[in-house]
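Structure at a glance
This is what each chain is made of:
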Amino acid sequence: MCNLSIITEFLLMEFSRTRELQVLYALLFLLIYLAALMGNLLTIAAVISDSHLHCPMYFFLGNLTLLDMCTISVTLPKFIMNSLSGSQSLSLLGCVAQIFFSLFLSATEFALLVTMSYDRFVAICHPLHYGNIMTPARCVWAASGSWLSGFIYSAVHTGNMFRLPFSGCNVIHQFFCDVPHVLKVSATDVFNTEFVLIVASLCSLSFCFAFLIASYACIFSSVFKIPSVEGRYKAISTCSPQLIILILFLISIMIAVLRDTSDTPPIQNLLIAMVYTIIPPFMNPIIYSLRNQKVAAAMGKMIRKIFFPKKELFILENKKMGEEYVFALSNV
């Protein structure tokens, strides 16, 4: 039922009206949430703990993984809590927080993916100058610039959307506060300003997208010029995870922006939103662990240390003894 007065809270959509199914869905998405958190935490821990991964590419990967953890934490915990408690309400302040952090993290991720594409462009197209161009200080500045640009983008849009009171129907056919649904109940002045802001944003995003296409075109052009098959495979293996994640991210954004919420059934809106809000953070650590041997090896080593500490210690001792034996033979 819609409340047509000034809106102070929103009512989110449920997956099912049956109490047992609500609890079942909550437990299912709780497992997905925990699996996504664990996968991303393992990736961050692997990057931090393994000295072989202390380079620009994996520094940016750590930032991307942190973004994924935050992204899935913006909407899913509230949905799980509402499903377990049987509640549908979300306060106006909670809606502000969800929209702000959703826009902030999405814009930051896009900026970071652009930065990562430049990193791979320099590494593959200008390998001799890589150390001079991608210095630690510049990497920190690039990552900080990505986070700052996302913050500014989100602050401008969120500030505009919530600067005037909402009136109309407070029912959102979504499991979180989604921008298209919130704009439907916003004032006309806010809607017109937001339209101008979105057009301006699209212009800058188009420039970034053109840069991405140019970077990957140069990368693949340089890769195909490598004479050895092994060299080509090694070069592609370093940039293919970023490219897969970028494609997944862009598909998610296109679904979120271009879908018509007015003609789409509510349950279909819900399922589509689940795809573009949950799948990327859940899949990104899987993509990196499968496509990048260094990350997979570091994660495997860390898992062995956690669950099989004695076996790992035994392997390290044997390795050390072997190195000492080889050193002794070399001195004979």
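Shown above is the structure to which this text applies.
Note that the structure is predicted; figures quoted are calculated from it, not measured. (Residues numbered from 1 in each chain as written. Predicted model: local features only at pLDDT ≥ 70, side-chain atom pairs only at ≥ 80, totals over all residues. Heavy atoms only, no water.)

A look at the environment of Ser222
By secondary structure assignment, the location of Ser222 is in helix H7 (residues 188-224). For Ser222, a relative accessible area of 22% puts it in the partly exposed group. Between the C-alpha atom of Ser222 and that of Arg232, which follows or precedes it by 10 residues, the distance is 9.2 Å. (Helix = DSSP H or I, 4+ residues; strand = E, 2+ residues; numbered from the N terminus. Buried < 20%, exposed > 50% of the residue type's maximum accessible area, 1.4 Å probe, protein only.)

Observations regarding the packing of aromatic side chains
In the structure shown here, the tally under the stated rule is 12 aromatic pairs. Measuring from ring centre to ring centre gives 5.4 Å for Phe29 and Phe79, while their planes differ by 80 degrees; the resulting arrangement is edge-to-face. In this pair, Phe29 is assigned in helix H1 (residues 19-49) and Phe79 in helix H2 (residues 56-85), connecting sequence segments 50 residues apart. Of the two residues examined, Phe29 and Phe79, each falls in the buried class. One aromatic cluster in this structure is built from Phe100, Phe101, Phe104, Trp147 and Phe151. (Phe/Tyr/Trp six-rings, centres within 6.5 Å; stacked < 30°, edge-to-face > 60°.)

Re the state of the cysteines
Covalent bonding between the sulfur atoms of two cysteines is what defines a disulfide. Evaluated as defined, the whole model comprises one disulfide. Here Cys95 pairs with Cys177 through a disulfide, and the sulfurs are 1.8 Å apart. Across the disulfide from Cys95 to Cys177, rotation about the S-S bond amounts to roughly -95 degrees, and the bridge is consequently left-handed. Here the residue Cys95 occupies a position in helix H3 (residues 92-125), and Cys177 occupies one in the loop between strand E3 (171-172) and helix H6 (179-184), the gap between them amounting to 82 residues. (Disulfide = S-S within 2.5 Å.)

Re the nonpolar core
Counting residues in hydrophobic clusters, the biggest one holds 41 residues, and the most contacted among them are Tyr58, Phe60, Leu113 and Ile219. Examining the composition of this core, we find that 10 residues originate from one element, H3, more than from any other. Those residues in contact with Ile219, other than ones at most four positions away along the chain, are Ser117, Arg120, Phe121, Ile124, Cys125 and Cys239. With 18 residues, the next largest nonpolar core counts Ile80, Phe175, Tyr276 and Ile278 among its residues. (Core = buried A, V, L, I, M, F, W, Y, C linked by side-chain atoms within 4.5 Å. Contact = heavy atoms within 4.5 Å.)

Some remarks on a nonpolar patch on the surface
Taken together, the side chains of Leu148, Phe151, Ile152 and Val156 define a hydrophobic patch exposed on the protein surface, amounting to about 370 Å² of accessible area. Tracing the backbone shows Ile152 in helix H5 (residues 136-161). (Patch = residues over 30% accessible without salt bridge, like charges linked within 9 Å, V, L, I, M, F, W, Y side chains within 5 Å. Areas by Shrake-Rupley, 256 points an atom, 1.4 Å probe, with all protein chains shown as cover. Salt bridge = Lys/Arg side-chain N within 4 Å of Asp/Glu carboxyl O.)

Side note on H2
Look at H2: 44 Å from first C-alpha to last across 30 residues, which is about the 44 Å you get at 1.5 Å a residue. Of all the bends in H2, the greatest reaches close to 35 degrees and is centred on Ser73; the proline Pro77 follows between one and four positions later. With 21 of its 30 residues buried, H2 lies for the most part within the structure. Immediately beyond the C-terminal end of H2, within one or two residues, lies Gly86, with a positive phi of roughly 80 degrees. (Expected span 1.5 Å × (residues − 1). Bend = angle between axes of the 7 residues up to and from the residue.)

A few points about the environment of Leu30
Secondary-structure assignment places Leu30 in helix H1. According to the relative accessible area criterion, Leu30 is partly exposed, its value standing at 30%. Along the backbone, Leu30 and Leu76 are 46 residues apart, and their C-alpha atoms lie at a distance of 8.1 Å.

Everything listed here is a matter of coordinates, which is why it stays silent on function.
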